[in-house]
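Geometric and topological summary
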Amino acid sequence: MSDNGYHLGNHGLAKGKTLPYEEDIRVPFYMRGPGIPAGVVSPYMATTVDVTSTLVQLGGGLPQTEDMDGVPLPLDRIVPGGAAYAGNRGRNSWPAFPSSPAGELRTMLPVEMWINSLARDLDKKSYRSVRICTNYTLTNDGRTETCWKYTIWCVWPTTTNYKELFDLGADPVEINNIMPNLASNPNLGRLVNRLDAMLQATGYCAGSSCRNPWSKLHPEGGVDTLEEAMNVAFDEKYAAYTKFAWRSCTQYLDPVNNEIGDKSLGSTSRWTPTASG
């Protein structure tokens, strides 16, 4: 695999690789070895912390411990034949790979950065973001799946909490920020409530809550996907969470003094929101 991607002119920006846009955060990941079939391509989303968990599980290591944030790649789902493919185990085959529970598949990930003078045009531009892939769409164009990306920026000195929301299925180059449509689309507001909570659940997670953020949001169980979380029965629950907000644009991570968030989702903020926001 590689380091970050690279933007050069995208979004009207000079060169760099530190932003939450797809050209910066997406990189290829190749695997080869005994028992790995050639030519298998999967769109499954993973992060670098998942690689460690995958190798430990492939090597027959102990089950996930609480200090491991990663989700093993679901090789039982993306390799032809799954675990059965490795059933004829020998010196040159994979070990049998456990089946991947629905709640512990990587469908979402946090993207975040605190920028300190990496380039003059990017100085003091911090963000927290969540990227989540789902079957829940808001359009009638025939699509049955998409990925949503929700970002809250702190851009000094112009704005403290600028928000972007992209429907990557309809807008893969992230040009059309649909946050301005919030007031005219009630379902969009319901979606943003879920994404804001997920941004915090993934950004403040540790161990098992990173592997299954839905367990933080729905400890009672029964919710493993965004489309399940969009049930109107949960509207009040998601509307009640404290929304994430920056207090100022620092050049370093300071979740205690510089961020407002919901403590039940892991926030360590010393601040609480006021009536004026």
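Residues numbered from 1 in each chain as written. Predicted model: local features only at pLDDT ≥ 70, side-chain atom pairs only at ≥ 80, totals over all residues. Heavy atoms only, no water.

1. Observations regarding the environment of Thr-48
Looking at the element boundaries, Thr-48 is found in helix 2 (residues 48–58). Sequence separation between Thr-48 and Gly-70 is 22 residues, and the spatial gap between their C-alpha atoms is 8.0 Å. (Helix = DSSP H or I, 4+ residues; strand = E, 2+ residues; numbered from the N terminus.)

2. Concerning helix 2
Taken together, the buried positions of helix 2 are occupied by Asp-50, Val-51, Ser-53, Thr-54 and Leu-58. Contacts made by the buried residues of helix 2 are with helix 3 (75–78). (Buried < 20%, exposed > 50% of the residue type's maximum accessible area, 1.4 Å probe, protein only. Contact = heavy atoms within 4.5 Å.)

3. Structural notes on unusual backbone geometry
Glycine aside, residues mostly have negative phi, and peptide bonds are mostly found in the trans state. Phi is positive for His-11, close to 60 degrees, though the residue is something other than glycine. A residue is classified by how much of its surface remains accessible, and His-11, at 28% relative accessible area, is partly exposed. Positive phi values are uncommon outside glycine, yet Glu-174 reaches one of about 55 degrees. Its place among the elements puts Glu-174 in the loop between strand 4 (159–167) and helix 5 (186–203). Residue classification places Glu-174 among the buried residues on the basis of a relative accessible area of 2%.

4. Here we look at the state of the cysteines
Applying the stated rule across the entire model yields three disulfides. Across the disulfide from Cys-133 sits Cys-147; the S-S distance is 1.9 Å. Between Cys-133 and Cys-147, the S-S torsion sits near 95 degrees, and that sign places the bridge as right-handed. Taken together, the residues Cys-133 in strand 2 (residues 125–134) and Cys-147 in strand 3 (residues 146–155) connect sequence positions 14 residues apart. Since its relative accessible area comes to 26%, Cys-133 is described here as partly exposed. Cysteine pairing for the chain (bonded cysteines numbered in sequence order): 1-2, 3-6, 4-5. (Disulfide = S-S within 2.5 Å.)

5. What to know about the confidence of the model for the chain
A residue-level look at the chain finds 88% of positions with pLDDT of 70 or above and a mean pLDDT of 85. Summarising per-element confidence for the chain, the mean pLDDT is lowest in helix 4 (residues 82–85) (44) and highest in helix 9 (residues 235–240) (98). For the stretch residues 83–92, pLDDT sits under 50, and the model shows 15 contacts to residues farther than four places along the chain or on other chains. (pLDDT = per-residue confidence, 0-100.)

6. Examining the sheet that holds strand 4
On the basis of which strands lie adjacent, the open sheet formed by four strands has the order 1-2-3-4 and antiparallel pairing. Edge strands, defined here as strands with exactly one partner in the open sheet, are strand 1 (108–113) and strand 4. Going from strand to strand, the sheet's axes swing by 10 degrees on average, the running direction of each strand aside. Here strand 1 runs beside strand 2; their pairing, made up of six bridges, is antiparallel. Directly across from Val-111, in strand 2, lies its bridge partner Ser-129. (Pairing = 2+ DSSP bridges. Axes fitted to C-alpha atoms, helices over the stretch in contact; angles between N-to-C directions.)

7. Details of the nonpolar core
Nonpolar side chains tend toward joint burial in soluble globular proteins. In this structure, Trp-148, Tyr-150, Leu-165, Trp-214 and Leu-217 are the most contacted members of the largest nonpolar core, which totals 34 residues. Of all elements in the fold, only strand 2, strand 3, helix 5, helix 7 (214–217) and helix 8 (226–229) reach the threshold of two or more residues within this core. The element contributing the most residues to this core is helix 5, with eight residues. Once residues lying within four places of it in the same chain are set aside, the contact partners of Leu-217 are Ala-197, Met-198, Ala-201, Lys-237, Tyr-238, Tyr-241 and Leu-265. Among the nonpolar cores identified, the runner-up in size contains 12 residues, and Ile-115, Trp-153, Val-155 and Phe-166 belong to it. (Core = buried A, V, L, I, M, F, W, Y, C linked by side-chain atoms within 4.5 Å.)

8. Describing the pattern of salt bridges
Tallied over the entire structure, the rule returns 12 salt bridges. One salt bridge connects Glu-112 with Arg-128, and the closest N-O pair in it is separated by 2.5 Å. Taken together, the residues span a long stretch of sequence, with Glu-112 in strand 1 and Arg-128 in strand 2 at a distance of 16 residues. In this structure Glu-112 comes out as partly exposed when scored by relative accessible area, which is 32%. For the salt bridge of Arg-143 with Asp-141, the shortest nitrogen-to-oxygen distance reads 2.9 Å. A single network of salt bridges, built from pairs that share partners, joins Glu-22, Arg-26, Arg-131, Lys-149 and Glu-174. (Salt bridge = Lys/Arg side-chain N within 4 Å of Asp/Glu carboxyl O.)

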